[in-house]
Amino acid sequence: MNILISIIFGIMVGALILEYRHAERMRQSYRFMSYYAKLNENAKLHAQFKAETAAMLLRTFGYDVDRIVKGDSSRVIVSEEDKRVMSLEIDRRKRELDEHDKYFEQEKAKYEARQK
């Protein structure tokens, strides 16, 4: 009878150890997916910023992306006030991007600290 109880106890301990290992792998997977989701979000923000900046620079010189796509390469005169507003908008977006980069660096540091 003691042997049977010992075998059952051993099986239960083994099952608990396997369950713990499985839970740890799930936590690692969660951290991995969370980090890479933030990485992709950061890359998306950088791509959007780059595209918006290029479009605004074209508008600053009097070109419109939609008209260029349609084959019209004529220029429009842009006032200095509009150029200043576009420049301020680019600066504002750059500050937002820098703040998001700082947040991402903090998350990256947390992820790398958990990996060790």
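Read on for a plain summary of the structure.

About the cut-offs
Residues numbered from 1 in each chain as written. Predicted model: local features only at pLDDT ≥ 70, side-chain atom pairs only at ≥ 80, totals over all residues. Heavy atoms only, no water. Salt bridge = Lys/Arg side-chain N within 4 Å of Asp/Glu carboxyl O. Helix = DSSP H or I, 4+ residues; strand = E, 2+ residues; numbered from the N terminus. Buried < 20%, exposed > 50% of the residue type's maximum accessible area, 1.4 Å probe, protein only. Expected span 1.5 Å × (residues − 1). Contact = heavy atoms within 4.5 Å.

With that settled, consider the pattern of salt bridges. Evaluated as defined, the whole model comprises 11 salt bridges. Close ionic contact of Lys-83 with Glu-80 constitutes a salt bridge, the shortest N to O distance being 3.7 Å. Taken together, the residues Lys-83 and Glu-80, both in helix α3 (residues 80-115) and 3 residues apart, mark about one turn of the helix. A relative accessible area of 28% places Lys-83 in the partly exposed class. By relative accessible area, Glu-80 is classed as exposed at 59%. Among the ionic contacts, a cluster of salt bridges with common partners joins Glu-52, Glu-89, Arg-92, Arg-93 and Glu-96.

On to α3. Between its terminal C-alpha atoms α3 stretches 52 Å, which fits the 52 Å expected from 36 residues at 1.5 Å a residue. By the burial criterion, the buried members of α3 are Met-86, Ile-90, Arg-93, Leu-97, His-100, Asp-101, Phe-104, Glu-107 and Tyr-111.

Once that is clear, we can look at the environment of Ser-87. In this structure, Ser-87 sits in helix α3. For Ser-87 and Ala-51, which are 36 residues apart along the polypeptide, the C-alpha to C-alpha distance reads 15 Å.

A rise of 1.5 Å per residue sets the reference length of helix α1 (residues 2-60), with its 59 residues, at 87 Å; its end C-alpha atoms lie 86 Å apart and thus fit the reference within 8%. Where α1 is concerned, the buried positions are Arg-31, Tyr-35, Asn-42, Phe-49, Thr-53, Ala-55, Met-56 and Thr-60. At its buried positions, α1 is contacted by α2 (65-69) and α3. Note on α1: the residue one or two positions beyond its end, Gly-62, has a positive phi of about 100°.

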